[in-house]
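The lines below spell out each chain.
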Protein chains: 4
Amino acid sequence: MTEQKPLTRPAAKLTHAGALVALAAAVARAEEMGVPQNISIVDDGGNLLAFVRMDGAKLLSRETSLSKAISAASHRQPTSRLDPALELKLAIASGGRLTNLEGGFPIIIDGVCVGGIGVGSGKGSEDVDVAKAALAALGAQI
Amino acid sequence: MTEQKPLTRPAAKLTHAGALVALAAAVARAEEMGVPQNISIVDDGGNLLAFVRMDGAKLLSRETSLSKAISAASHRQPTSRLDPALELKLAIASGGRLTNLEGGFPIIIDGVCVGGIGVGSGKGSEDVDVAKAALAALGAQI
Amino acid sequence: MTEQKPLTRPAAKLTHAGALVALAAAVARAEEMGVPQNISIVDDGGNLLAFVRMDGAKLLSRETSLSKAISAASHRQPTSRLDPALELKLAIASGGRLTNLEGGFPIIIDGVCVGGIGVGSGKGSEDVDVAKAALAALGAQI
Amino acid sequence: MTEQKPLTRPAAKLTHAGALVALAAAVARAEEMGVPQNISIVDDGGNLLAFVRMDGAKLLSRETSLSKAISAASHRQPTSRLDPALELKLAIASGGRLTNLEGGFPIIIDGVCVGGIGVGSGKGSEDVDVAKAALAALGAQI
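Figured I'd write up the structure that's included with this text. This is a predicted model, so every value here is computed, not measured.

### Description of the interface of chain B and chain A
At the junction of the two partners, chain B supplies 20 residues and chain A supplies 20 residues. Contact between chain B and chain A buries roughly 1,800 Å² in total, counting both sides, with carbon and sulfur atoms accounting for 59%. Its largest share of buried area at the contact with chain A, chain B owes to B:Leu7, B:Arg9 and B:Lys13, together 37% of the area lost on that side. There are two salt bridges connecting chain B and chain A. Note that B:Lys13 and A:Asp44 form a salt bridge whose closest N and O atoms lie 2.6 Å from each other. Taken together, chain B and chain A are joined by 11 residue pairs in polar contact (both at pLDDT 80 or more). Those elements that place two or more of their residues in the side of chain B that touches chain A are strand E1 (8–14) and helix H1 (16–33) of chain B. Per element, the largest residue contribution to the side of chain B that touches chain A is seven residues, and it comes from E1(B). Inspection of the sheet shows strand E1 (residues 8–14) of chain A paired to E1(B) by seven bridges, in the antiparallel sense. In the sheet register, A:Pro10 faces E1(B), and the bridge partner there is B:Ala12.

### As for the pairing of strand E3 (residues 104–109) of chain C
The two faces of a sheet get side chains in turn, since along a regular strand they alternate between them. Residues and elements named next belong to chain C. Counting buried positions along E3 gives five out of six residues, so the element sits mostly inside the fold. Bridge count for E3 against strand E4 (residues 112–120) is six bridges, and the pairing is antiparallel. Each residue of the ladder has a partner; that of Ile107, found in E4, is Gly115. Taken together, E3 and the strand that follows it, E4, pair antiparallel across an intervening segment of two residues, in which Asp110 is found at a positive phi of about 50 degrees.

### Description of the relation of the copies chain B and chain A
Screw-axis analysis of chain B against chain A gives a translation of 0.0 Å along the axis, an RMSD of 0.0 Å, and a rotation angle of 180 degrees. Expressed as an axis order, the relation between the two copies is that of a two-fold axis. When the interface residues of chain B are mapped onto chain A, 100% of them are again interface residues, pointing to one common binding face.

### Overview of the pattern of salt bridges
Enumeration over the complete set of coordinates arrives at 28 salt bridges over all chains. A salt bridge links C:Asp55 to B:Arg9, with the shortest nitrogen-to-oxygen separation between them at 3.8 Å. With one member in each of two chains, C:Asp55 in the loop between strand E2 (48–53) and helix H2 (61–75) and B:Arg9 in strand E1 form a pair that bridges those chains. Here B:Arg9 falls in the partly exposed class, since its relative accessible area comes to 29%. Put simply, D:Lys68 and D:Asp127 hold a salt bridge, and the shortest N to O gap is 3.0 Å. Taken together, the residues span a long stretch of sequence, with D:Lys68 in helix H2 (residues 61–75) and D:Asp127 in helix H4 (residues 124–138) at a distance of 59 residues. Accessibility classification places D:Lys68 together with D:Asp127 in one group, the buried group. Each of the salt bridges in this network shares a partner with another, and the network as a whole consists of A:Arg29, A:Glu32 and A:Asp129.

### Considering the interface of chain C and chain A
In this complex, chain C contributes 19 residues to the contact, which on the side of chain A involves 19 residues. Overall, the association of chain C and chain A removes approximately 1,700 Å² of surface from exposure, summing both partners, and the carbon and sulfur fraction of that is 52%. The largest share of the area that chain C buries against chain A comes from C:His16, C:Leu48 and C:Arg53, three residues that together contribute 36% of it. On the surface where chain C and chain A come into contact, there are two salt bridges.

Scoring rules and cut-offs
- Residues numbered from 1 in each chain as written.
- Chains lettered and ligands numbered in written order.
- Predicted model: local features only at pLDDT ≥ 70, side-chain atom pairs only at ≥ 80, totals over all residues.
- Heavy atoms only, no water.
- Contact = heavy atoms within 4.5 Å.
- Buried area = accessible area lost by both parts, 1.4 Å probe.
- Salt bridge = Lys/Arg side-chain N within 4 Å of Asp/Glu carboxyl O.
- Polar contact = N/O pair within 3.5 Å; in protein donor to acceptor, adjacent residues only side chain to side chain.
- Helix = DSSP H or I, 4+ residues; strand = E, 2+ residues; numbered from the N terminus.
- Pairing = 2+ DSSP bridges.
- Buried < 20%, exposed > 50% of the residue type's maximum accessible area, 1.4 Å probe, protein only.
- Least-squares fit on C-alpha atoms with pLDDT ≥ 70 in both.

This is the structure:
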């Protein structure tokens, strides 16, 4: 007699209330730093949950902020941890989405990855700083 | 004192074991009918979980089966329930993905929508028949 | 003696503070109605300024909300005012972006169109209702 | 008297039954290793025949697994055999599909290449291991 494997498994989702808390904290930190940013928040399926482009932020960094958020959610680790010898091959083979640029973090709450945040328009370290402010506001793992 | 809204909400995911059970049931039914099919199963974020194209199935129906699966998961209802007066506008405005073709069903288990299935290559009624066989194998809502 | 035509002309832009005010008002109204929505706010260049997808909103309506916002900003009028005899031809010839679905409005402040808002996931009239709440919060023309 | 060249040539195709055997063997091996994977199987035209994303596999590795499968089927050799000095130029010039990442193998049965398999989400050596388990189940050349 064979044992059937479970057809579903429990999961968790970031609420829109949570996404807006993260967005507001990121904007507040970026304003404090005087560095306008694009901030993308995605769910664990890589679909956009919330976004803002701040006054003066670089237009094309919207797309990089999204790639950072999706990459972090996909791999459940901060961007910039891929093997540098592979990063360009992975970027290209994934259709351009998988990035190793600094500024993307998984959103891990109570041990579950519920999505990712990506910040782009500043220097790498500034993007990281703003993303971490958002994670802190959520009480997420940093 | 304000009450904080929850940052996360509980959810469920279809396992790959579940997706493969659905795929096998769909293939068995299509073989029984003698109608080769493309069968796409996506999660609730519209991302592909499992797929098969059967011998002799129409090549381009792979894409329609995927659109059906994503549409059903997105709207949590079978395809073909959109207002006919709006369906083409919705299809175009959604970048082509939102379809009203028959053959897409949400996968609802224990009252939770965990994804969608789309079947394409036969007549509409044949596609529906095969999708329903997959849902039945999962004990999902039909 | 010929008079040179001016080389630049004055303009106005919606700030991220303004976009977030609109987003919050739209979310509040949608919560009040019990209808989860996708809300897209774009600048006058059709580029996304702010976005949120509410818990339970239809996934594919993200793209339709964006098409509505871009269409309204482009034409500086609410969506659903195109000639029905032309709407599908216009939609296709514009690469899919120009939509006549209800729920898109230009954001006109002090007589200047600074962008557009698009709402999608509810019925047309619900989408319109939420978009108008956002415009009201901005003191924009309705 | 001139001899006419043949107008057609014999070929062979992987059946969906064969593709599902390969998929099941790959899943079984990945489960044994405790490394969830994306597994893509394509025909000799690079068109998807079968796919599964296992619980916990990286989302973006779906696309890399597909690129590996198509690359292997196209070149009728394992990925990672391109000249490293050319690999990025080839990747870009092929629209991103041709990859040199480890984990892609042609499916060669009775000396005929009938498609390719690509595995992605683990380390390169883990991806290779899973792909070889699928080839072994098919009695294909390794």
